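# A closer look at the structure
Residues per chain, in single letters:
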Amino acid sequence: MKVLPTYFILLLGAFLMPLAGIAQSGIANHGAMQLHGDGSAGFHADFQNDGPFENLEGLVGFYNETGSLKVSGGHTPVLFDVEFSAVKGVYLETPVEVGNNANLVHGNLKTSRSTPENYPVFDFDSFYTGESSVSKVDGYAALQNKQDFVFPIGDIDRLRPLKIQSQAINARATSAYFAEDPQAPVSLNGRFDVGSTVDPGLRVGRSEFWTLDADIPSRVTLTWDVYSNVAGVVKFFGDLRVVGWSREKQAWVNLGNTAVEGGRDYGSLTSDYFVPSEYEIITIGGTGESENYRTVELDNYYLSPNGDGVNETLEIEAAREMPGNNLQIYNRYGQLVYQKDNYTGGFDGQSNTDLVVQRQSGLEPGIYFYIITFPELRERHQGYFYLND
């Protein structure tokens, strides 16, 4: 254990000793270890915790500039602030509970997918910073005593977070991401037949899936990237759905779509409320229902929301006549920049999605593609408009 000289650390009853018989030197705690005040401790080798190590203040860091570190032992470290920075990752063989902030500086925090027990636990008001494609939880992560949370999970060099919004506080919930085909998973036992669906016509993506174990009814937001191949699941983003493998029905179930943002390569999808623990895995799927809609080509428009009272907003006559519709607007890169259910008019060039531009910010001048769907008519109307300053 290396402690910078400007820091003050107090060990109460701690018995620290080097670990023997391993290729890399390490430190073992067999007593009661504690930081006081603004004390800080840095571990630059493997750490085995076999005694109480609980801190309500101070910073503990795990660092290795060239390799990896391992945290193990029979006692769970309960740390106030903690940093992880190891080029080849920090391997958890025991849970680590975070009381305040976990700073994911560099290198993945690696946890087992086959035995989901040893993971970082984010408790109460704790949070994390620094998550990225090269600094995240590669495996399982857990929350404790939280209602809403974004799990900073992914696989190797892909950050694939999952957001949970629950109707009440979860005593504990766990989640992990798997870059595996649900039809033939490698890390989990079982086979989740994508052809077995409760709703006829429901489609299931085969590029990835997540696990989410929580007992409180919740909405989840899943993300996709260029490797997710959502374009191979549905033709229209409005047809995307969160789908889950029901433990009871042993089939895929439609878990809904209450919001979708993004484009072909990057985006997010939010479900309806469901009880996550009733489903073994969840992923992105779709209905494909509107692919059978009749397509109607509408007029092209010119918008210039500059306050002169002319061509200020996108006014589609059919939308005013049938408000039970859904409008989606895409830029020339195929990214969703605006969407609204029951559109009757009023779009003035302001985005309402977050993935491409800042929400409620003005879109750049140029050509945009719009699609407005009328489920009752089983029709999809589409066209272009030019947006000017």
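Residues numbered from 1 in each chain as written. Predicted model: local features only at pLDDT ≥ 70, side-chain atom pairs only at ≥ 80, totals over all residues. Heavy atoms only, no water.

## Topic: the overall build of the chain
For the chain, the count of helices and strands is 1 helix and 31 strands. Each principal axis of the C-alpha distribution contributes one length, and for the chain these read about 80 × 50 × 35 Å. Per-residue burial over the chain gives 50% buried out of 389 residues. A total of about 17700 Å² of accessible surface is found on the chain, and carbon and sulfur atoms cover 48% of it. Here the chain holds 27 positive side-chain charges and 49 negative ones, and the gap between their average locations is 6 Å. (Helix = DSSP H or I, 4+ residues; strand = E, 2+ residues; numbered from the N terminus. Buried < 20%, exposed > 50% of the residue type's maximum accessible area, 1.4 Å probe, protein only. Areas by Shrake-Rupley, 256 points an atom, 1.4 Å probe, with all protein chains shown as cover. Lys, Arg positive; Asp, Glu negative; His and termini not counted. Charge placed at Lys NZ, Arg CZ, Asp CG, Glu CD.)

## Comments concerning unusual backbone geometry
Positive phi, normally seen in glycine, also occurs at Asn145, with a value near 60 degrees. Position of Asn145 relative to the elements: it lies in strand β14 (residues 141-151). Phi at Arg378 is positive, roughly 55 degrees, even though this residue is not glycine. Mapped onto the fold, Arg378 is located in the loop between β30 (366-374) and β31 (379-387).

## Re the pattern of salt bridges
In this structure the tally under the stated criterion is 9 salt bridges. A cluster of three or more residues bridged by salt bridges with shared partners is formed by Arg158, Arg160, Glu208 and Asp225. (Salt bridge = Lys/Arg side-chain N within 4 Å of Asp/Glu carboxyl O.)

## Regarding the domain arrangement of the chain
The assigned domain composition of the chain is domain 1 (29-138), domain 2 (157-291) and domain 3 (294-387). On a C-alpha basis, the centroid separation for the pair domain 1 and domain 2 is 29 Å. With 8 residues of domain 1 at the interface, the matching set in domain 2 holds 9 residues. Between domain 1 and domain 2 lies a buried interface of about 710 Å² when both sides are counted; carbon and sulfur atoms form 60% of it. At the surface where domain 1 touches domain 2, the tally comes to 0 salt bridges. Inspection of the domain 1/domain 2 interface yields 2 residue pairs in polar contact (both at pLDDT 80 or more). When grouped by side-chain class, the residues that make up the side of domain 1 that touches domain 2 number 2 nonpolar, 3 polar and 3 charged. (Domains from an automatic or database assignment. Contact = heavy atoms within 4.5 Å. Buried area = accessible area lost by both parts, 1.4 Å probe. Polar contact = N/O pair within 3.5 Å; in protein donor to acceptor, adjacent residues only side chain to side chain. Nonpolar A, V, L, I, M, F, W, Y, C, P; charged D, E, K, R; others polar.)

## Focus: the environment of Leu202
Tracing the chain through its elements places Leu202 in the loop between β17 (162-178) and β18 (203-204). Taking the relative accessible area as the measure of exposure, Leu202 reaches 8% and is therefore buried. Expressed as a C-alpha distance, the spacing of Leu202 and Ile284, which sit 82 residues apart in the sequence, is 11 Å. Apart from the residues within four sequence positions on either side, Leu202 is in contact with Thr197, Val243, Trp252, Val253, Asn254, Gly286 and Thr287.

## Examining the side chain of Thr287
As for its placement among the helices and strands, Thr287 is situated in the loop between β25 (279-286) and β26 (294-297). Not counting residues up to four positions away in its chain, the partners in contact with Thr287 are Gly201, Leu202, Arg203, Val234, Asp239, Arg241 and Asn254.

## Concerning the layout of surface pockets
In this model, the largest pocket occupies a volume close to 480 Å³. Forming the walls of the largest pocket are 23 residues, and the residues nearest its centre are Gly238, Asn257, Asn326, Gln328 and Asp341. Going through the elements one at a time, β23 (259-262), β28 (326-330) and β29 (336-341) are the ones with two or more residues in the lining of the largest pocket. Partitioning the lining of the largest pocket into residue classes produces 4 nonpolar, 11 polar and 8 charged. When residues of the lining of the largest pocket are assigned to domains, at least three fall in each of domain 2 (157-291) and domain 3 (294-387). (1 Å grid on protein atoms, 1.4 Å probe; cavity = no way out; pocket = protein on both sides within 12 Å on 5 of 7 lines; lining within 4 Å. Points joined across faces, edges and corners; volume = space filled by probe spheres on them.)

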